[in-house]
Each structure stands twice: as structure tokens, then as C-alpha cells.
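Residues per chain, in single letters:
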Amino acid sequence: MAKFFYSCIALIFFNPFFVTAQNRPQTPKPPYHYYNDSVVYENTDRTVQLGATFSYPKTGGPFTTILLITGSGQQDRDETIFHHKPFAVIADYLVKKGFAVLRVDDRGKGQSKGPLKNVTSVDFANDVITSIQFLLSRKEVDKNSIGLMGHSEGGFIAPIVYSKLPAIAFIVSLAGTGVSGAEILLKQQTDPVKGKVSDASFHAYYELTKKTLNTIHNLHAQPDSIILDTIKNLYKNWKAGKPDSVLAPIRADKVPPELYALSIKPELEPWLKYFIATDPAVFWSQVKCPLLALNGEKDIQVYADENLNAIAAALKKAGNKNFKTKKLKGLNHLFQHCKTCTVQEYGELEETFSPKALKIIGRWLKKNAR
């Protein structure tokens, strides 16, 4: 998967894009006025090796420690995307504020190794637990004050980790999800088509996409062959009776059921199927530690209102009385101030991470991280 969730269905309609390197003024450069230890450690059965950077102030300690969790796809420890290094920027800011920070290469990136076949967010949550076990071995770490900060999928992984390890002291969710992947992908897959075709074609495409994702969501425990057969029949029924004037603009007039089912097959890969089928509220409703959830107002991948509202509702169900949700004006999925606010613009902007968002995080941590 890409850093952002990308529609497998939409590949029928849209082409990939590329960006060139630009100036990244926020990226930290040496000399650093804190320690940066490059570390490598393994999980208990030694099937996974994780490489990471552990950053901490030169004086004081033990420190409240924040473990950064990357978003979807294989990311390096800096969560590098379009030559931006947001996790390096966040770590630099927080260490200068007196915190220790661990940022980790995902499996298959940098110094990290481990199986990728058939893994889901649950496996990545277990990797986070391995990183916590590493932190517990460090004398610089306050063992009673280890928290998680996850971006995008990382914001979804954080409550999964908490459900397994409720000793987590605090959580910061950055553009984390509060609704199921079926709901997230429905918007991601249909919004790019809005306004580019007639209303009739758009509504037809929206109907097909919603029914397809709901089928995967509802039948995720069934064999893939049953899911694909169901989707094939769904497509036949959807297409029946619709004129070419509706089908042609969305290129469905010449697509047979077999080809449509084939286009859906990537969405049945274990990671994506788990994402589509899982309601994050199952995990958020167990979180009782202090929590800050931030989403950008202009985020077109994880919509702020519906996800923040869902997270808040789940936390209230958990009886959590110490949480804050906030929609940040003018910011996109990467917490950049944006203009067109498209995915392609991520690489065109010089800003890596909003200084205002960093201040909000820093102040909240100073007040709530014990």
C-alpha cells in the first residue's frame, strides 16, 4: 500500500503521478543537540528484527518517551514521503522539549526485517509491542510514562496496542481512523470522480463502490472465492438496465463481471481486507488513558469530522474523561498547510509538518503525559 490508502477500483479511472524533490527546510540537520542512538532489536521468537533511532536529551532523565507509529505501507523510521521526513521533524521538536522519542523502520525497510505475507495491522501492533519491550530495557526511559503517537494507520494501530497493553500512558492520534475502512475507502474511491462525470454516472459509481466494499466488510470471514462470486453477481445486477450514457463515462460499459471482480481482488489481500472489515471503535472503546486526536480540516483521505466524532463517541463509551479531539484548520492528511489540498500537492509543498500542530502536541504532552 502507498503511504495514503489508495483505491484499487480507482486504478481503472486514474493514472499514477510523480513528483520531483523540492526544498524541505524543516528537516533536521546535524549537529544535533541531543543523542540519536541507532538501535536494532528483535521480537521474542526472533522472527522480526526492527531498526530504529532512539533520540533523547543530553541531560536529565529518565524521560517520558513517545513511540512513533507510521501509516500504511512500508515506511522508514522518518516516515519519508515525497522527500518529506515528518517523523524526523516531530522527533526533533519533542526531544528539544524534553521528551525521548523512538522512531522505527517498518518491516522490509531500512534495518527492519520480517515476514510481510498475510500480515495485518494486528501484526504491526505486535511490532509496536516489541518496540515497547525495547524501551523498557533503556535506563533513559521512564518506565511508567511510555506513550504512542500514530499517524494515519498508525493512529488505528495505537488503540490495538492499548487493547493488548493497557499500561500505555497516553496516545496521540494524527489523522487516525474512527470509522471502518469500508467507509474510509468509499470516500477515497468516489470523491475523485465527483464533478468529473454526470450526476447519474457518479451516483451509479457510488452505489457500486459502496455495495462492493460492504460485501467485503460483511463477508470478510468467507473464502475469497465466495466474496468474488458475490461481487460478480452484484456487478451484473448493478449493470443491468443502466444505459451506456451512464456506464460509458465511468468506463463500465465495456467491463464484464469477470474483469470487475479481478479488479477487486487486490482488496482481498489480508492487510486491506482487515482494514475494510474492522471497526476501530472496537479498540477505541477500550482506551482509558489520556488521548489527543488531531485531524486536518482539509484531509481528503481520513475525513476529520466523521473520524473525530467516531473516536470521541467510542472514548465516551469507554468512560474516558481525559481526551481531546481537534480539527486543525487548513491542514491536509500530512498536517501541511495546503492550497489545492490534493494528494499530489503533498510533494509540491515545502512545509513538512505544521508548526502550530507541533505546538498543540507539545503543550498537550506537557500537561497530560505523566
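Everything here concerns the structure above.
Residues numbered from 1 in each chain as written. Predicted model: local features only at pLDDT ≥ 70, side-chain atom pairs only at ≥ 80, totals over all residues. Heavy atoms only, no water.

Draft legend 1. Examining empty space enclosed by the protein more closely. Summed over all chains, the structure comprises two cavities of 30 Å³ or more. If you add up the space inside the second largest cavity, you get close to 40 Å³. In this structure, the second largest cavity is lined by Glu79, Pro86, Phe87, Ile90, His151, Leu174, Leu334 and Phe353. It is helix α1 (residues 86-96) that provides the largest number of residues to the lining of the second largest cavity, a total of three residues. Taken together, the residues of the lining of the second largest cavity break down into six nonpolar, one polar and one charged. (1 Å grid on protein atoms, 1.4 Å probe; cavity = no way out; pocket = protein on both sides within 12 Å on 5 of 7 lines; lining within 4 Å. Points joined across faces, edges and corners; volume = space filled by probe spheres on them. Helix = DSSP H or I, 4+ residues; strand = E, 2+ residues; numbered from the N terminus. Nonpolar A, V, L, I, M, F, W, Y, C, P; charged D, E, K, R; others polar.)

Draft legend 2. Layout of the packing of helix α5 (residues 199-218) against helix α9 (residues 270-277). At a minimum axis distance of 8 Å, the contact between α5 and α9 shows a crossing angle of 100 degrees. Accordingly, the angle class assigned to the pair α5 and α9 is roughly perpendicular. Where α5 approaches α9, its residues Leu213, Ile216 and His217 are matched on the opposing element by Lys273, Ile276 and Ala277. Grouping the constituent residues of the contact of α5 with α9 by class yields four nonpolar, one polar and one charged. (Axes fitted to C-alpha atoms, helices over the stretch in contact; angles between N-to-C directions. Parallel < 35°, antiparallel > 145°, perpendicular 65-115°, else oblique. Contact = heavy atoms within 4.5 Å.)

Draft legend 3. Main features of the layout of surface pockets. Estimates place the volume of the largest pocket at around 620 Å³. Taken together, 29 residues line the largest pocket, and the ones lying closest to its centre are Gly73, Gln74, Leu116, Phe124 and Trp271. Those elements that provide at least two residues to the lining of the largest pocket are β3 (63-69), α2 (121-135), α3 (153-164) and α9. Looking at the lining of the largest pocket residue by residue, the classes come out as 16 nonpolar, six polar and seven charged.

Draft legend 4. Highlighting the nonpolar core. One finds Leu102 and Leu148 to be the most contacted residues of the largest nonpolar core, which totals 78 residues. Looking at this core element by element, the count peaks at seven residues for α2. For Leu148, the contacting residues outside a window of four places in its chain are Leu67, Ile69, Val128, Ile132, Ala158, Val161, Ile168, Phe170, Ile171 and Val172. Listed in part, the 31 residues of the second largest apolar core include Val89, Tyr93, Leu331 and Leu358. (Core = buried A, V, L, I, M, F, W, Y, C linked by side-chain atoms within 4.5 Å. Buried < 20%, exposed > 50% of the residue type's maximum accessible area, 1.4 Å probe, protein only.)

Draft legend 5. Focus on the state of the cysteines. The tally for this structure, following the rule as stated, stands at one disulfide. Note on cysteine connectivity: Cys338 is disulfide-linked to Cys341, with sulfurs 2.1 Å apart. An S-S torsion of about 85 degrees defines the bridge between Cys338 and Cys341 as right-handed. (Disulfide = S-S within 2.5 Å.)

Draft legend 6. Spatial organisation of unusual backbone geometry. A cis amide bond links Pro30 with the next residue in sequence, Pro31, at an omega value of 5 degrees. If you trace the backbone, Pro31 turns up in the segment before β1 (35-42). Pro62 follows Gly61 through a cis peptide bond whose omega is 0 degrees. Take Pro62: it is sitting in the loop between β2 (49-56) and β3. With phi around 70 degrees, His83 is a residue other than glycine that occupies positive phi space. Locating His83 in the fold gives a position in the loop between β3 and α1. Positive phi values are uncommon outside glycine, yet Phe335 reaches one of about 65 degrees.

Draft legend 7. Focus on α2. Between the first and last C-alpha of α2 there are 21 Å, a value that for 15 residues agrees with the 21 Å anticipated at 1.5 Å per step. Buried residues dominate α2, accounting for 11 of its 15 residues. (Expected span 1.5 Å × (residues − 1).)

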